[in-house]
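Take a look at the letters that make up each chain.
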Amino acid sequence: MSENIRVAIDGPSGAGKSTLARSVAARLNFLYVDTGAIYRTIGYAVWRKGIDPRDRSAVVAVLPDLEICLTYGTDGLQHMELNGMDVTAEIRLPEVSRYASLVSAYPEVRAYLLEMQRQLARENSVVMDGRDIGTVVLPDAEVKVFLTASAEERARRRMLELEERGTPEPYAAILRAIQERDWNDTHRDAAPLRQAEDAVLLDTTALDFVQSEDAAAHYPGEDGTMSEKRPLNGFFVCIYYLVNLVAGILHPVTIIGRENLPEHGALLCPNHNSNWDPVLVALKVPVNYRLHIMAKKELFCNKVFDWVLRKLGAFPVDRGEGDIEAVKTALKAIKSGDNLLIFPEGTRVEHEGALPAKGGVAVIGIRSGAQFVPVYVEGNKRLFRRTRIIFGQAYRPEATSRRPSPEEVQAIADEVLRRSYALGKEAR
Ligand code: DC
């Protein structure tokens, strides 16, 4: 059995597949395969030869003459070669898009390319984007995403992109071309574009990656070097909404008191009763809330988890030891104006009082000058049952010095935990 991992991302043109796929592949060190580029290469060959793309037998007849190669340049980018010539730039011509869409409808063309795509996934861990990856090319892919957005939104994005490149086109013409390609891709008999049953649907109509990235630029760290920031990039925004969607179905949550969250320098301190707590709290603060999460190091057990968790702003703590590195990371985060989620009990507990709060939360809070925010997360998270997360009033603990006695540290940690549970009692 192959140990390679396959991530399939399908969806209509212009939904942001390649941006997402490229970013995921780069971070996981997987091979990014843009299958649209392969179809475009055939479209280009047909165009160059002056063949009518609607003439199926003429298109099919040309296939044996084509030698298509996919190479990766020193820039790490996928290059397409057609009979020994690099055609990476040429296949992006608008006319070639139309040709690619038409020739990709022919079963002979699809069959011709199928083995090539599967071979790449046998030899490498891949993030492959296209139209039929999750349904036909890699039906057993470990991860399947169907990324889409309305035709109008995709046309709007494309218009802005063309304007930036200095080659503007009218919106109406762009929209028409997108609608035409959508129609071709979804109405052909051979491997039409559709969502695989086991794919996660991600509709990005309401998300604007460019705006998100701009917003991120306004939150530089103190020295700009923090690597574990909750990153407000396209990938993070996708994951945030994607996981929110899934978690929202499994565990619907009523949020109370979100207005209590200070914008900067807050230490969010929830009680901890289930594995879902960190995920739910992290998801229920706004997407642009600069949140770091102190999480047990066991969760960072493999490359994928490690990467995803760090992307979501988490960093590891060794709970057995006094983990100085984790404390330093936490202090740095708060001092740079970000916020931190930390569970005072340090591990899951059944009920209040089962474990005292750990002193670490108080040490971090006092040394960083953070505002403490008690948070109550309702327990007994049975699937599909609504639970509540309550954010309490922020406050600053009164400490006699920046290095208080162990007793004072314990009292401060106990107090925030007491306030967290009190929120639950008040709400009953
Ligand atoms: O993703 P793209 O726009 O570069 O793709 C070009 C064309 O290729 C598109 O019209 C649909 C087709 N295509 C396909 O039929 N199957 C794929 N897996 C990828 C692309």
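Because the structure is a prediction, the values reported are computed rather than measured. (Residues numbered from 1 in each chain as written. Predicted model: local features only at pLDDT ≥ 70, side-chain atom pairs only at ≥ 80, totals over all residues. Heavy atoms only, no water.)

A. Representation of the overall build of the protein in the model. A count of helical and extended segments in the protein gives 15 helices and 15 strands. Across its three principal directions, the C-alpha atoms of the protein cover 85 × 50 × 45 Å. For the protein, buried positions account for 50% of its 428 residues. In the protein, the share of contacts with a sequence separation of at least 24, taken over all contacts with a separation of at least 6, comes to 73%. Summed over all atoms, the accessible surface of the protein reaches about 20,800 Å², with 53% contributed by carbon and sulfur. Here the protein contributes 54 positively and 58 negatively charged side chains, and the mean placements of these two sets differ by 3 Å. (Helix = DSSP H or I, 4+ residues; strand = E, 2+ residues; numbered from the N terminus. Buried < 20%, exposed > 50% of the residue type's maximum accessible area, 1.4 Å probe, protein only. Contact = heavy atoms within 4.5 Å. Areas by Shrake-Rupley, 256 points an atom, 1.4 Å probe, with all protein chains shown as cover. Lys, Arg positive; Asp, Glu negative; His and termini not counted. Charge placed at Lys NZ, Arg CZ, Asp CG, Glu CD.)

B. Highlighting the nonpolar core. Core analysis: the largest hydrophobic core is formed by 35 residues, its most contacted members being Ile-42, Val-46, Leu-66, Met-80, Met-128 and Leu-138. With seven residues, the single largest contributor to this core is helix H2 (residues 35-48). Sequence-distant contacts of Ile-42, defined by excluding residues within four places in its chain, comprise Leu-63, Leu-66, Ile-68, Val-103, Val-109, Tyr-112 and Leu-113. Counting residues in each nonpolar core, the second largest holds 29 residues, with Val-349, Ala-362, Val-409 and Ile-412 among its members. (Core = buried A, V, L, I, M, F, W, Y, C linked by side-chain atoms within 4.5 Å.)

C. View of the site of the ligand. Neighbouring the ligand are 17 residues, the closest being Arg-40, Arg-110, Arg-131, Arg-181 and Arg-188. In the environment of the ligand, an oxygen atom lies 2.7 Å from a nitrogen or oxygen atom belonging to the side chain of Arg-40. One of the side-chain nitrogen or oxygen atoms of Asp-185 is found 3.4 Å away from an oxygen atom of the ligand. Considering the ligand on its own, with 450 Å² of exposed area, one finds that the protein chains cover 95% of that surface. Going through the elements one at a time, H2, helix H4 (94-103) and helix H8 (171-187) are the ones with two or more residues in the shell around the ligand. For the shell around the ligand, the per-class residue count stands at three nonpolar, six polar and eight charged. (Near = heavy atom within 4 Å. Polar contact = N/O pair within 3.5 Å; in protein donor to acceptor, adjacent residues only side chain to side chain. Nonpolar A, V, L, I, M, F, W, Y, C, P; charged D, E, K, R; others polar.)

D. Layout of the layout of surface pockets. Taken as a whole, the second largest pocket encloses approximately 1,200 Å³ of empty space. As for the second largest pocket, its lining consists of 35 residues, and the residues nearest its centre are Ile-239, Val-243, Val-308, Leu-309 and Leu-312. Listed by contribution, the elements that provide at least two residues to the lining of the second largest pocket are strand E1 (6-10), helix H1 (17-28), strand E7 (143-148), strand E8 (200-203), helix H10 (234-250), helix H11 (276-284), strand E11 (291-296) and helix H12 (303-311). No other element matches H10, which puts eight residues into the lining of the second largest pocket. By residue class, the composition of the lining of the second largest pocket is 33 nonpolar, no polar and two charged. Here the lining of the second largest pocket spans two domains, since at least three of its residues come from each of domain 1 (6-204) and domain 2 (214-427). (1 Å grid on protein atoms, 1.4 Å probe; cavity = no way out; pocket = protein on both sides within 12 Å on 5 of 7 lines; lining within 4 Å. Points joined across faces, edges and corners; volume = space filled by probe spheres on them. Domains from an automatic or database assignment.)

E. Here's a closer look at the pairing of E1. Counting buried positions along E1 gives four out of five residues, so the element sits mostly inside the fold. Two elements, E1 and strand E6 (residues 126-130), share five bridges in a ladder whose sense is parallel. Bridged to Ile-9 within E6 is Asp-129. Pairing between E1 and E7: four bridges, direction parallel. Pairing of Ile-9 across the sheet is with Val-145, part of E7. (Pairing = 2+ DSSP bridges.)

F. Main features of the environment of Glu-90. Inspection of the secondary structure assignment puts Glu-90 in the loop between strand E5 (85-86) and H4. Take Glu-90: its relative accessible area is 29%, and that puts it in the partly exposed class. Remark: the alpha-carbon pair of Glu-90 and Leu-280, spanning 190 residues in sequence, is separated by 47 Å.

G. Quick peek at the sheet that holds strand E3 (residues 68-72). Taken in spatial order, the three strands make up an open sheet running E3-E4-E5, and their pairing is antiparallel. At either end of the open sheet lies a strand with only one pairing partner, and these are E3 and E5.

H. Up close: the side chain of Arg-154. Note on placement: Arg-154 falls in helix H7 (residues 151-165). A residue is classified by how much of its surface remains accessible, and Arg-154, at 4% relative accessible area, is buried. Reaching out from Arg-154, the side chain makes a polar contact with the backbone oxygen of Ser-13 at a distance of 2.7 Å. Not counting chain neighbours up to four residues away, the residues in contact with Arg-154 comprise Pro-12, Ser-13, Gly-14, Ala-15, Ala-149, Ile-178 and Asp-182.

I. Representation of the confidence of the model for the protein in the model. A residue-level look at the protein finds 91% of positions with pLDDT of 70 or above and a mean pLDDT of 85. Low pLDDT, under 50, characterises residues 208-229; the predicted model gives this stretch 39 contacts beyond four residues in sequence or across chains. (pLDDT = per-residue confidence, 0-100.)

J. View of the packing of aromatic side chains. A complete count under the given rule lists three aromatic pairs for this structure. Ring centres of Tyr-44 and Trp-47 lie 6.0 Å apart, and the angle between their planes is 45°; on these two criteria the pair is classed as tilted. Pair noted here: Tyr-44 and Trp-47 are both in helix H2, with a separation of three residues, about one helical turn. Using a relative accessible area of 4% as the deciding quantity, one classes Tyr-44 as buried. Using a relative accessible area of 31% as the deciding quantity, one classes Trp-47 as partly exposed. Ring centres of Phe-372 and Tyr-395 lie 5.9 Å apart, and the angle between their planes is 45°; on these two criteria the pair is classed as tilted. (Phe/Tyr/Trp six-rings, centres within 6.5 Å; stacked < 30°, edge-to-face > 60°.)

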